[in-house]
Amino acid sequence: QVQLVESGGGLVQTGGSLRLSCAASGRTFSNLGWFRQAPGKEREFVAGITWSDGYVFYADSVKGRFTGSGDKGKNTVYLQMNSLKPEDTAIYYCAATRGPGVPSSAGRYDVWGQGTQVTVSS
């Protein structure tokens, strides 16, 4: 079983930046996704990375502001978040899938981290 541990969340002002990390251990996985869930809302796809070639997919809401990356040596993926807005406030999760591709549906992921809170003040 893969274990995922997120870190890097916090409180930041509008326009600020944060970098989230997701350290993976255990069994191998194919790809990883970043999701977020705000109070009263469904969990939504933010970005995903194909572990084989490092290609990153983004949701339209974060394109140009967020950058995903991975370090195979550390088995860790990162999400650099710039130009943060109050609507980015949510709990951010990383998730791993052993299936193909980087699905945007949360149900396609097999393992989830515990989440890290990101709060953007206006």
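Here the structure is a predicted model, which means the values were calculated and not measured.

## Quick look at the packing of aromatic side chains
Counting across every chain of the model gives six aromatic pairs. Each ring, one from Tyr 93 and one from Trp 112, has its centre 6.2 Å from the other, and the planes form 80°; the classification is edge-to-face. Of the two residues, Tyr 93 sits in strand S9 (residues 90-97) while Trp 112 sits in strand S10 (residues 111-112), which places them 19 residues apart along the sequence. What makes Tyr 93 buried here is its relative accessible area of 12%. When its relative accessible area of 26% is taken as the criterion, Trp 112 is described as partly exposed.

## Remarks on the sheet that holds strand S3 (residues 18-25)
Sheet architecture is open: four strands sit in the order S1-S3-S8-S7, paired in antiparallel fashion. In the strand order of this sheet, the two ends are held by strand S1 (3-7) and strand S7 (66-71), each with one partner. Taken pair by pair, the neighbouring strands of this sheet meet at an average axis angle of 15°, ignoring direction. With five bridges connecting them, S1 and S3 associate as antiparallel partners. Across the sheet, residue Leu 4 finds its bridge partner in S3, namely Ala 24.

## Remarks on the pairing of strand S5 (residues 44-50)
Of all seven residues making up S5, six are buried, and the element is well covered by its neighbours. The pairing of strand S4 (residues 31-37) with S5 spans six bridges and is antiparallel. Residue Phe 35 lies in a different strand from S5, and its bridge partner there is Phe 45. Connecting S4 to the antiparallel partner S5 that follows it, the hairpin turn spans six residues, and Gly 40 within it adopts a positive phi of roughly 80°. One ladder, built from three bridges, connects S5 with strand S6 (residues 56-58); its direction is antiparallel. From the neighbouring strand, Ile 49 faces S6, where its bridge partner is Val 56. Hairpin connection of S5 to S6: five residues between the antiparallel strands, including Gly 54 at a positive phi of 75°.

## Side note on the pattern of salt bridges
Applying the stated criterion across every chain, the model contains four salt bridges. Across the salt bridge formed by Arg 36 and Asp 88, the nearest N and O atoms sit 2.8 Å from each other. Of the two residues, Arg 36 sits in strand S4 while Asp 88 sits in the loop between strand S8 (76-81) and S9, which places them 52 residues apart along the sequence. The pair Arg 36 / Asp 88 is uniform in exposure class, with both members buried. Here Arg 65 ties to Asp 88 by a salt bridge, and the two come within 2.7 Å at their closest N and O atoms. Here Arg 65, found in the loop between S6 and S7, pairs with Asp 88, found in the loop between S8 and S9; they are 23 residues apart in sequence, far enough to count as distant. Taken individually, Arg 65 and Asp 88 each receive the classification buried, so the pair is uniform in this respect. Within this structure, Arg 36, Glu 44, Arg 65 and Asp 88 form a network of salt bridges that share partners.

So, how was this worked out
Residues numbered from 1 in each chain as written. Predicted model: local features only at pLDDT ≥ 70, side-chain atom pairs only at ≥ 80, totals over all residues. Heavy atoms only, no water. Phe/Tyr/Trp six-rings, centres within 6.5 Å; stacked < 30°, edge-to-face > 60°. Helix = DSSP H or I, 4+ residues; strand = E, 2+ residues; numbered from the N terminus. Buried < 20%, exposed > 50% of the residue type's maximum accessible area, 1.4 Å probe, protein only. Pairing = 2+ DSSP bridges. Axes fitted to C-alpha atoms, helices over the stretch in contact; angles between N-to-C directions. Salt bridge = Lys/Arg side-chain N within 4 Å of Asp/Glu carboxyl O.

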